[in-house]
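Okay, here's what each chain looks like letter by letter:
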Amino acid sequence: MRNFLAALGLLPFGAYVLLFLLVPTVVAVGSGFVSDGNLSLANLPVLFAPETLSAFWASIWLSAITAIAGAVVGAVLCWALAALPEQGPLRRVVDSASSVLAQFGGVMLAFAFIATIGSQGLITVLLRERLGTDIYADGVWLYELPGLVLPYLYFQVPLMVITFLPAVLALRQGWAEAVATLGGRGVSYWLRVGIPILTPAFLGSLLLLFANAFSSYATAAALISQGSQIVPLKIRASLIGETGASLASNAGVLALGMIVIMTIVMLGYGRLMARTTRWQG
């Protein structure tokens, strides 16, 4: 009876996952294999077209750059936070800010960057008029693919803090004391104990950041109005195209490619997190 009640409590969540995750995924991917009302593989070559491969490479490049940079900066911040008192004001402020900023994306984030460092943003104008420095002397990079790196880092670093800080806090003081008792120094502790133990958690967080950037859409859509340089924007271009249903089928094939990559990344994340929980428990 207790198991039945527990399963019953999962029904709302199961219904949510079914209606808003599984069904849209099946419909989106399935549309790529339908041609003239019949199942067909005619649209599959779209996945291997040069422009599609270029969009996937751009998405992977952008996701990898922001994931690595966000993971490194976030890890250093976690190390600094771990040295602060748990109930101290600075620690609590950073924890709260990370939770909020990790979810601060989309059109709001794009507007914030346009208003501050856009072509006519507050900081851009101040630098140009007061210091004679034009950050867009070589082109308006914020509205191109490289310009997405800064906005993405804005939510990647806080996400790293949220996911990696528990692993850093779980390091036991007794391990460092044991190394010191055996004649080891701080460097020996980190090389032989700290870094090997934290590596699975760090790599898992890195994969999570990659997946987060790879699936992001709204921020890129608000900043890049021309072209479809990454896969989410290419899917948008296919769905709003004016040439008919064939482009909608292309969007389904592109969605399949994204799902395959995301599945591989999240499987790797799950295995790494499983290794991390063994010693955290």
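Note that this is a predicted model, so its numbers are computed, not measured.

**Student:** A description of the confidence of the model for the protein should follow, citing residues and the corresponding values.
**Tutor:** For the protein, per-residue confidence averages 84 on the pLDDT scale, and residues scoring 70 or more make up 90% of the total. Looking across the protein, the model is least confident in helix α1 (residues 2-9), with a mean pLDDT of 68, and most confident in helix α3 (residues 50-82), with 93.

**Student:** I'd like a rundown of the packing of aromatic side chains, residues and numbers included.
**Tutor:** The full count for this structure, using the stated rule, is six aromatic pairs. Taking the centre distance of 5.9 Å and the plane angle of 85 degrees together, the rings of F113 and Y154 count as edge-to-face. One end of the pair, F113, is in helix α5 (residues 106-117); the other, Y154, is in helix α7 (residues 149-169), with 41 residues separating them in the sequence. Using a relative accessible area of 36% as the deciding quantity, one classes Y154 as partly exposed. Aromatic ring contacts, followed pair by pair, group F104, F113 and Y154 into a single cluster.

**Student:** Explain the nonpolar core to me, using residue names and the numbers behind them.
**Tutor:** Here is a general trend for soluble globular proteins: nonpolar side chains tend to be buried in one another's company. With 37 residues, the main nonpolar core has F56 and F164 as its most contacted residues. Looking at this core, the elements that each hand over two or more residues are α3, α7, α9 (186-214), α11 (231-239) and α12 (245-280). Per element, the largest residue contribution to this core is ten residues, and it comes from α9. Apart from residues no more than four positions distant in its own chain, F56 is found in contact with L47, F214, V231, L254, G257, M258 and I261. Counting 20 residues, the second-largest nonpolar core is a separate cluster that includes L109, A110, I117 and A220.

Procedures and definitions
Residues numbered from 1 in each chain as written. Predicted model: local features only at pLDDT ≥ 70, side-chain atom pairs only at ≥ 80, totals over all residues. Heavy atoms only, no water. pLDDT = per-residue confidence, 0-100. Helix = DSSP H or I, 4+ residues; strand = E, 2+ residues; numbered from the N terminus. Phe/Tyr/Trp six-rings, centres within 6.5 Å; stacked < 30°, edge-to-face > 60°. Buried < 20%, exposed > 50% of the residue type's maximum accessible area, 1.4 Å probe, protein only. Core = buried A, V, L, I, M, F, W, Y, C linked by side-chain atoms within 4.5 Å. Contact = heavy atoms within 4.5 Å.

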